[in-house]
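# A look at the structure
Residue-level listing of the chains:
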Amino acid sequence: QVQLVESGGGLVQPGGSLRLSCAASGFTFSNYHMSWYRQAPGKERELVATITSNGGSTNYADSVRGRFTISRDNAKNTVYLQMNSLKPEDTARYYCNAVFLMIYWGQGTQVTVSS
């Protein structure tokens, strides 16, 4: 059974940091490109960051470049999103995504940036 389980979300003040994790199971994680998406209320889901299957290349949305870092540990079947200098506009539900022969999604974890 394929699973992507996100964790690490929560309430944080502006300027704070959070580290999201996405634990994968049920498929060959090291073959898959991994991404983080987010969706705020009333908005479309948007791509935040992507990392290739071997971790050799990453890409970021302009809105998070320089503040967020995506990484992965293929030995632990886990992808991470380190989020620094958080802003209220980063408030959204964050989803983990896996793409190769199939496309898989997690259920998401809520991030709220507010004072």
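This report concerns the structure included in the present document.

Thresholds applied
- Residues numbered from 1 in each chain as written.
- Predicted model: local features only at pLDDT ≥ 70, side-chain atom pairs only at ≥ 80, totals over all residues.
- Heavy atoms only, no water.
- Core = buried A, V, L, I, M, F, W, Y, C linked by side-chain atoms within 4.5 Å.
- Buried < 20%, exposed > 50% of the residue type's maximum accessible area, 1.4 Å probe, protein only.
- Helix = DSSP H or I, 4+ residues; strand = E, 2+ residues; numbered from the N terminus.
- Contact = heavy atoms within 4.5 Å.
- Pairing = 2+ DSSP bridges.

## Quick word on the nonpolar core
The tendency in soluble globular proteins is for nonpolar side chains to be buried as a group. Core analysis: the largest hydrophobic core is formed by 30 residues, its most contacted members being Leu4, Met34, Trp36, Val79, Leu81, Met83 and Tyr94. Going through the elements one at a time, strand S3 (18–25), strand S4 (33–39), strand S5 (46–51), strand S7 (68–73), strand S8 (78–83), strand S9 (92–99) and strand S11 (109–113) are the ones with two or more residues in this core. Those residues in contact with Met34, other than ones at most four positions away along the chain, are Leu4, Phe29, Ala49, Thr50, Ile51, Ile70, Arg72, Val79, Cys96, Asn97 and Ala98.

## Regarding the pairing of S4
When S4 meets S9, the two strands line up antiparallel, connected through seven bridges. Bridge pairing in S9 places His33 opposite Val99. Relative to S5, S4 runs antiparallel, the two being bridged by five bridges. From the neighbouring strand, Met34 faces S5, where its bridge partner is Ile51. Taking the residues between adjacent antiparallel strands as the criterion, S4 and S5 are bridged by six residues, where Gly42 takes a positive phi near 80 degrees.

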